[in-house]
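Structural overview for review
The primary structure of each chain is shown beneath.
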2 protein chains.
Amino acid sequence: MLTLYYTPHTCSLATHIALADAGADYKLERIDFAAEQQKSPAFLAINPKARVPALVTPQGILTETPAMLAFVAQTFPAARLAPLDNPFAFAEVQSFNSYLCSTVHVAHAHRMRGYRWADEPEAIAAMQRKVPQSVGACFELIESQMLRGPWVMGCDYSIADPYLFTLAQWLEKDGVDVKRIPRVIDHRARMAERPNVRKAIAEQLTD
Amino acid sequence: MLTLYYTPHTCSLATHIALADAGADYKLERIDFAAEQQKSPAFLAINPKARVPALVTPQGILTETPAMLAFVAQTFPAARLAPLDNPFAFAEVQSFNSYLCSTVHVAHAHRMRGYRWADEPEAIAAMQRKVPQSVGACFELIESQMLRGPWVMGCDYSIADPYLFTLAQWLEKDGVDVKRIPRVIDHRARMAERPNVRKAIAEQLTD
């Protein structure tokens, strides 16, 4: 049994979808950001970084979405969620996911969590003003250079797809002009129709 | 043959050390940031993100340090640079490296590259003022919760070690009080004595 600690509308959705795609036996534990539950001693014992997601496994606890996604793919090889037998192709998947966590998610985080990087309200407001441009530039690069189609890596669906889908949930609130990224939006629409994606979203909102 | 595109004093050192540790046959191509060579058409054809490192392999080009490090470990299994036969242990390595790229390196980047996230000089200065605190908090978490010792993952050296060493190069310029992180500093000192680390640093500075 795997237990995913999650919060709705965060990047925890990516691993949640991957668990459903893998056919994993999992349960969910919701962390309430409004109540600052991520800073509770009970949750800090699970993830001292005070963030979601975290995945409790029989061997221990994992954090960081790219690591959790690769773990799901490797633990459930029959689901074929990554090219596990080809180190170069596997690295391409990991490169995409690493770009999402280190650049795309970070650009987005300057809208809601600017306090991580500056104290002054004016600076935090300045960061918020740039989010449409910085997140937009990331997604335009994905649109033109990285998203092969029909799935991120080409013909084969992989753990890169639920992660891209998850970050693409935030585009409109980030102020990105989605007309400039039609292939990303088409990918998002096709992902949203997948039964496991619908299942994961429904589970997060009704848990 | 592998070709590493690098710039001295950047995170490209991590992959460089891993290539040396792996006994890989590699060559180096230096990208001159002062001349904005990373924005040249020739380099954008290699990495449209206009950043180092990039690793040209016989199968194609890889970017993003965590992906490149895992690729080196998987391509040279005899070097034993990651626990390749244990998906959970491998995920722990990847989780550490993901934290470095998405949180630690990002906190550091607000000192030199604040223009990525705001336009106003005052906001960029505000970001710079917070770097000692934000980078310091990351390294205090590594010190107290993540660095097992003697190596990051415990008894076995792995691809997490050159990556931590590389980011720890920047601590003093980031204004972090290194007296608060003696275990990180001890790790850095032991890494600096390793022949492959000395070799990689020498190659970067004399190339």
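Below or above, wherever it landed, is the structure these notes cover. (Residues numbered from 1 in each chain as written. Chains lettered and ligands numbered in written order. Predicted model: local features only at pLDDT ≥ 70, side-chain atom pairs only at ≥ 80, totals over all residues. Heavy atoms only, no water.)

**Observations regarding the overall build of chain A**
To keep things clear, this is the line we draw: For helices the rule is a DSSP run of H or I covering at least 4 residues; for strands it is a run of E covering at least 2, with both sets numbered from the N terminus onward. C-alpha atoms define the radius of gyration in this analysis, and the globule rule sets the expected value at 2.2 Å times the number of residues to the power 0.38. Should any heavy atoms of two residues lie within 4.5 Å, those residues are considered in contact.
Within chain A, the regular secondary structure consists of eight helices and four strands. Traced from its N-terminal end to its C-terminal end, chain A shows the element sequence β-α-β-α-β-β-α-α-α-α-α-α. For chain A, the C-alpha radius of gyration of 17 Å lies close to 17 Å, the compact-globule estimate for 207 residues. Once the C-alpha set of chain A is aligned to its principal axes, its extents read approximately 50 × 45 × 30 Å. The contacts of chain A with a sequence gap of at least 6 include a subset with a gap of at least 24, amounting to 65%.

**Quick look at the sheet that holds strand β2 (residues 26-30) of chain A**
Residues and elements named next belong to chain A. How we decide: Each pair of strands is called paired provided DSSP finds at least two bridges between the two strands. Helix axes are fitted to C-alpha atoms over the stretch in contact, other axes to C-alpha atoms as well, and angles between N-to-C directions run from 0 to 180 degrees.
Strand order in the open sheet formed by four strands is β2-β1-β3-β4, with mixed pairing between adjacent strands. Two strands close off the open sheet at either side, each with one partner strand: β2 and β4 (60-63). Between one strand axis and the next, the sheet turns by 20 degrees as a mean value, whatever way the strands run. As paired elements, strand β1 (residues 2-6) and β2 share five bridges and run parallel to each other.

**Quick look at the packing of helix α3 (residues 65-75) of chain B against helix α4 (residues 87-112) of chain B**
Residue and element names in this part refer to chain B. Put simply, the rule is: Note that the term roughly parallel is reserved for angles under 35 degrees, roughly antiparallel for angles over 145, roughly perpendicular for angles of 65 to 115, and oblique for everything else. Rotating anticlockwise by less than a right angle from the far helix to the near helix defines a left-handed crossing, while the corresponding clockwise rotation defines a right-handed one.
Direction vectors running N to C along α3 and α4 enclose 150 degrees, while the axes themselves pass 9 Å from each other. Between α3 and α4, the angle is such that the two are roughly antiparallel. Seen from above, α3 lies across α4 with right-handed handedness. The segment α3 lies against α4, with Pro-66, Leu-69, Ala-70 and Gln-74 engaging Phe-90, Gln-94, Asn-97 and Cys-101.

**Observations regarding the relation of the copies chain A and chain B**
Rules: When the copies are superposed, the least-squares fit takes in the C-alpha atoms of residues with a pLDDT of at least 70 in both.
Aligned on chain B, chain A shows an RMSD of 0.0 Å; the corresponding rotation is 180 degrees and the shift along the axis is 0.0 Å. Such values leave the two copies arranged in the relation of a two-fold axis. Looking at the interface residues of chain A, 100% of them are also at the interface in chain B, so both copies use one shared face.

**Brief notes about the packing of aromatic side chains**
Our working rule: Ring geometry is summarised as follows: Phe, Tyr and Trp rings, the Trp one being its six-membered ring, pair when their centres sit within 6.5 Å, and such pairs are stacked at plane angles under 30 degrees, edge-to-face over 60 and tilted between the two. Buried, partly exposed and exposed residues are distinguished by accessible area as a fraction of the type maximum, computed with a 1.4 Å probe on protein chains only: under 20%, between the cut-offs, and over 50%, respectively.
Taken as a whole, this structure holds six aromatic pairs over all chains when the rule is applied. Geometrically, the ring pair formed by A:Tyr5 and A:Phe43 is tilted, given 5.7 Å between the ring centres and 50 degrees between the ring planes. Placement of the pair is A:Tyr5 in strand β1 and A:Phe43 in helix α2 (residues 41-44), with a sequence separation of 38 residues. Since its relative accessible area comes to 2%, A:Phe43 is described here as buried. Judged by centre distance (5.3 Å) and plane angle (85 degrees), the ring pair of B:Trp151 and B:Tyr157 falls under edge-to-face.

**Some details on empty space enclosed by the protein**
Put simply, the rule is: Grid spacing is 1 Å over the protein atoms alone, the probe is 1.4 Å, and a cavity is where that probe fits but cannot get out, while a pocket is an open set with protein on both sides within 12 Å along at least five of seven lines and lining residues have an atom within 4 Å of a point. Grid points are joined across faces, edges and corners, and a volume is the space filled by probe spheres set on the points.
Taken as a whole and judged by the stated rule, the model has one cavity of 30 Å³ or more. Counted as a void, the largest cavity has a volume near 80 Å³. If you trace the largest cavity, you find it lined by A:Pro66, A:Ala67, A:Gln94, A:Ser98, A:Cys101, B:Pro66, B:Gln94, B:Ser98 and B:Cys101. Elements with a contribution of two residues or more to the lining of the largest cavity: α3 (65-75) and α4 (87-112) of chain A together with α4 of chain B.

**Notes on the side chain of A:Thr166**
Mapping A:Thr166 onto the fold places it in helix α6 (residues 160-168). Overall, the relative accessible area of 1% leaves A:Thr166 in the buried class.

**Some points on the sheet that holds strand β1 (residues 2-6) of chain B**
Read across the sheet, four strands follow the order β2-β1-β3-β4 (chain B) without closing on themselves; strand pairing throughout is mixed. Both outer strands of the open sheet, β2 (26-30) and β4 (60-63) of chain B, are each paired with one neighbouring strand and no more. Taken over all neighbouring pairs, the strand axes of this sheet differ in orientation by 20 degrees on average, direction set aside. On the sheet, α4(A) packs against β3 (54-57) and β4 of chain B and is oriented at approximately 40 degrees with respect to β4(B). Docked against the sheet, helix α8 (residues 195-206) of chain B engages β1 and β2 of chain B, running at close to 40 degrees with respect to β2(B).

**Focus on the interface of chain A and chain B**
Formally: Put simply, buried area is the surface a 1.4 Å probe can reach on two separate parts but cannot reach once they are joined, added for both. By definition here, a salt bridge exists when the distance from a side-chain nitrogen of Lys or Arg to a carboxyl oxygen of Asp or Glu is within 4 Å. N or O atoms closer than or at 3.5 Å make up a polar contact, with two conditions inside protein: a donor-capable atom paired with an acceptor-capable one, and, for residues adjacent in sequence, both atoms drawn from side chains.
Facing 48 residues of chain A, the contacting portion of chain B comprises 48 residues. In total, about 3700 Å² of surface goes out of reach between chain A and chain B, with carbon and sulfur atoms giving 60% of it. When residues of chain A are sorted by the area they lose upon contact with chain B, A:Phe88, A:Trp117 and A:Lys130 head the list and together hold 17% of the total. If you look at where chain A meets chain B, you find four salt bridges. The partner of A:Arg129 in a salt bridge is B:Glu120, with the nearest N and O atoms 2.8 Å apart. The tally of links from chain A across to chain B stands at ten residue pairs in polar contact (both at pLDDT 80 or more). Of all the elements in the fold, those that place two or more residues in the side of chain A that touches chain B are β4, α3, α4 and α5 (121-146) of chain A.

**Section: the packing of helix α1 (residues 12-22) of chain B against α8(B)**
Residues and elements named next belong to chain B. Going by this rule: Charged means Asp, Glu, Lys or Arg here, nonpolar means Ala, Val, Leu, Ile, Met, Phe, Trp, Tyr, Cys or Pro, and polar covers whatever is left, Gly included.
Closest axis-to-axis distance for the α1/α8 pair is 9 Å, and the angle between their directions is 125 degrees. The angle between the axes of α1 and α8 places the two elements in the oblique class. Here α1 and α8 pass one another in a crossing that is right-handed. The segment α1 lies against α8, with Ser-12, Leu-13, His-16, Ile-17, Ala-20 and Asp-21 engaging Asn-196, Val-197, Lys-199, Ala-200, Ile-201, Glu-203 and Gln-204. In terms of residue class, the contact of α1 with α8 is built from six nonpolar, four polar and three charged.

Nothing here speaks to function; it is all geometry.
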